[in-house]
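Listed below are the residues making up each chain.
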Amino acid sequence: MPSEPFPTPDPTGPLRLPVTAPDAEREVVELCRDLLRFESVNRGGGEGHERPAAEYVAAKLAEVGIEPTLLESQPGRTSVIARIAGADPSRPPLLVHSHLDVVPADASQWRVGPFSGEELDGALWGRGAVDMKDMVAMTLAVVRDLVRTGRPPARDLVVAFLADEEAGGVLGARWLVDNHPGLFAECTEAIGEVGGFSYTVSDDLRLYLIETAEKGLAWMKLTATGRAGHGSMISDDNAVTALCEAVARLGRHEFPLVLTPTVRVFLGELGDALGTEFDLDDLASTVTKLGPVARMIGATLRNTVNPTQLAAGEKVNVIPGEAVAYVDGRFLPGQEEEFLRQLDEILGPDIRREWVVHDGAVETGFDGALVDAMASSLRAEDPIARPVPYMLSGGTDAKSFSRLGIRCFGFSPLLLPADLDFSGMFHGVDERVPIEALRFGVRVLDRFLHAC
């Protein structure tokens, strides 16, 4: 299909470049708006309902002749898988994955309804706008356009729209990997979320952060036990006191700085782009100068633990015999054993630790033909693009797919306004995605799937 210009202006600068999929650019906005209106909330503990969103995706695939497969790990916990033939079927298929579930949203804190899909200030607003119904919409728009226009991708694609990512993927990607690995047979590489987004350095340079690593997941239940009794009595064996002291130690602890290969490369690229050399003895303060991405990058310099929940007792005048806390731990690649040793040392021997969700760290190199295809596709749409690798402080379904030996990258391309707090959108209030960023992502993905 010949390229043609798309006249809508770009909020970050006038990039008057060829467009590879104009119909997909127009369609992605409608698709994303529709998806944001599905309340596919994942509350954890098995409580979620992706089925309506999954049926919508399946219908959009079937509409253009792509045959979807819907699979459920539990009633309502639905994932959609489809395979699209490529120009060279002899090559290993590429996995393109995204998730349909979102975290809860308190409507009273939002400017607009979190499930309204409202268009405001040049963006689509709603829970999941960047995490990650934007990528669901972009993938749908591009593959629908490829099939409609008879432009096969470079190789076969396996597209997966998944349940339960926000609770570790146990009922989504992990369940599929454990129970239906044949769906991903011969896939050696994959792209997914939180990568390929822009970080503006100057008027003539934008870095595009491509995820090549992510921290391991250590969600834990901590339990302290003590002597139950009447609240009026002196208690020197109080479970609440013991737990709170341990949780406070953990929450205030700063784990030591550890530079992984990915972070070293990223900091080197960033320093070169900024024309400065980072002080390795004072990286934390240096990273704070990075603006909107500072929180995301800062969390990749060390292991972290954040207390998130507390529970104890049933009545104010009864000392409970047990107190429980939940914590969100994240460890760097190669650091799991040391992280757990440090954790137990901080907690002490009287706190029982149990896994809620436990998953390993992931890391791969920033090299190879797939990386070259990402880079060339970004540069074709943004001449001042400079792709760089980075580590995600959170986790994605890449953890599950890496168990099949698949090399995973975060590549959901977005050209963002320089002042947008992108990392703050994830699980945050007033989550939104710029409409022009969606259209840019469609153009890049279209190019990428023909070059991959």
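Rules used throughout
- Residues numbered from 1 in each chain as written.
- Predicted model: local features only at pLDDT ≥ 70, side-chain atom pairs only at ≥ 80, totals over all residues.
- Heavy atoms only, no water.
- Helix = DSSP H or I, 4+ residues; strand = E, 2+ residues; numbered from the N terminus.
- Buried < 20%, exposed > 50% of the residue type's maximum accessible area, 1.4 Å probe, protein only.
- Contact = heavy atoms within 4.5 Å.
- Areas by Shrake-Rupley, 256 points an atom, 1.4 Å probe, with all protein chains shown as cover.
- Lys, Arg positive; Asp, Glu negative; His and termini not counted.
- Charge placed at Lys NZ, Arg CZ, Asp CG, Glu CD.
- Core = buried A, V, L, I, M, F, W, Y, C linked by side-chain atoms within 4.5 Å.
- Expected span 1.5 Å × (residues − 1).
- Salt bridge = Lys/Arg side-chain N within 4 Å of Asp/Glu carboxyl O.
- Polar contact = N/O pair within 3.5 Å; in protein donor to acceptor, adjacent residues only side chain to side chain.
- Axes fitted to C-alpha atoms, helices over the stretch in contact; angles between N-to-C directions.
- Parallel < 35°, antiparallel > 145°, perpendicular 65-115°, else oblique.
- Left-handed = near helix turned anticlockwise from the far one by under 90°.
- Nonpolar A, V, L, I, M, F, W, Y, C, P; charged D, E, K, R; others polar.
- Pairing = 2+ DSSP bridges.

A.B. asks: Give me the overall build of the protein: which residues, what numbers.
C.D. replies: Counting its regular elements, the protein contains 13 helices and 19 strands. In the protein, buried positions account for 55% of the 452 residues. Taking the intrachain contacts of the protein between residues at least 6 apart in sequence as the baseline, contacts between residues at least 24 apart amount to 80%. Of the roughly 18,300 Å² of accessible surface on the protein, a fraction of 50% belongs to carbon and sulfur atoms. Across the protein, 42 positive and 68 negative side-chain charges occur, with their mean positions spaced 1 Å apart.

A.B. asks: Mind laying out the nonpolar core, listing which residues take part and the relevant values?
C.D. replies: Formed by 92 residues in total, the largest nonpolar core has its most connected members in Val57 and Phe448. Setting aside residues no more than four positions away along its own chain, Val57 makes contact with Leu35, Val80, Leu100, Val136, Leu140 and Phe161. Listed in part, the 21 residues of the second largest apolar core include Ala323, Leu340, Ile346 and Leu347.

A.B. asks: Tell me what's going on with unusual backbone geometry, and back it up with residues and numbers.
C.D. replies: At the junction of Asp131 and Met132, the peptide bond is cis and its omega measures out at -10° in the coordinates. Here Met132 is to be found in the loop between strand S5 (123-125) and helix H3 (133-149). Positive phi values are uncommon outside glycine, yet His427 reaches one of about 65°. You can see His427 is positioned in the loop between helix H12 (422-425) and strand S19 (432-434).

A.B. asks: Describe helix H10 (residues 369-381), with residues and values.
C.D. replies: A rise of 1.5 Å per residue sets the reference length of H10, with its 13 residues, at 18 Å; its end C-alpha atoms lie 19 Å apart and thus fit the reference within 8%. Within H10, the full set of buried residues consists of Leu370, Val371, Ala373, Met374, Ala375, Ser377, Leu378 and Glu381. The inward-facing, buried residues of H10 contact strand S3 (94-99), strand S7 (189-192), strand S9 (205-214), strand S17 (385-392), strand S18 (407-410) and helix H13 (435-451).

A.B. asks: So, the side chain of Lys133: which residues are in play, and what are the values?
C.D. replies: Residue position: Lys133 is located in helix H3. Among buried Asp, Glu, Lys and Arg side chains, Lys133 stands out as unpaired, with Asp101 the closest opposite charge at 8.6 Å. A polar contact of 2.9 Å, which involves the side chain of Lys133, links it to the backbone oxygen of Leu35.

A.B. asks: How would you sum up the packing of helix H2 (residues 51-63) against H3? Please name residues and give values.
C.D. replies: In the contact formed by H2 and H3, the axes pass within 10 Å of each other and the chain directions differ by 15°. With respect to H3, the axis of H2 lies roughly parallel. The two elements H2 and H3 meet at a crossing, and its hand is right-handed. From H2, Val57, Lys60, Leu61 and Glu63 reach across to H3, where they touch Val136, Leu140, Val143 and Arg144. Within the contact of H2 with H3, the residues separate by chemical class into five nonpolar, no polar and three charged.

A.B. asks: Before we move on, could you go through the pairing of strand S14 (residues 322-331) and cite the residues and values that matter?
C.D. replies: Where a strand is regular, its side chains alternate between the two sheet faces. Among the ten residues in S14, seven count as buried, and that is most of the element. As paired elements, strand S10 (residues 216-225) and S14 share ten bridges and run antiparallel to each other. The partner of Ala224 across the bridge, within S14, is Ala323.

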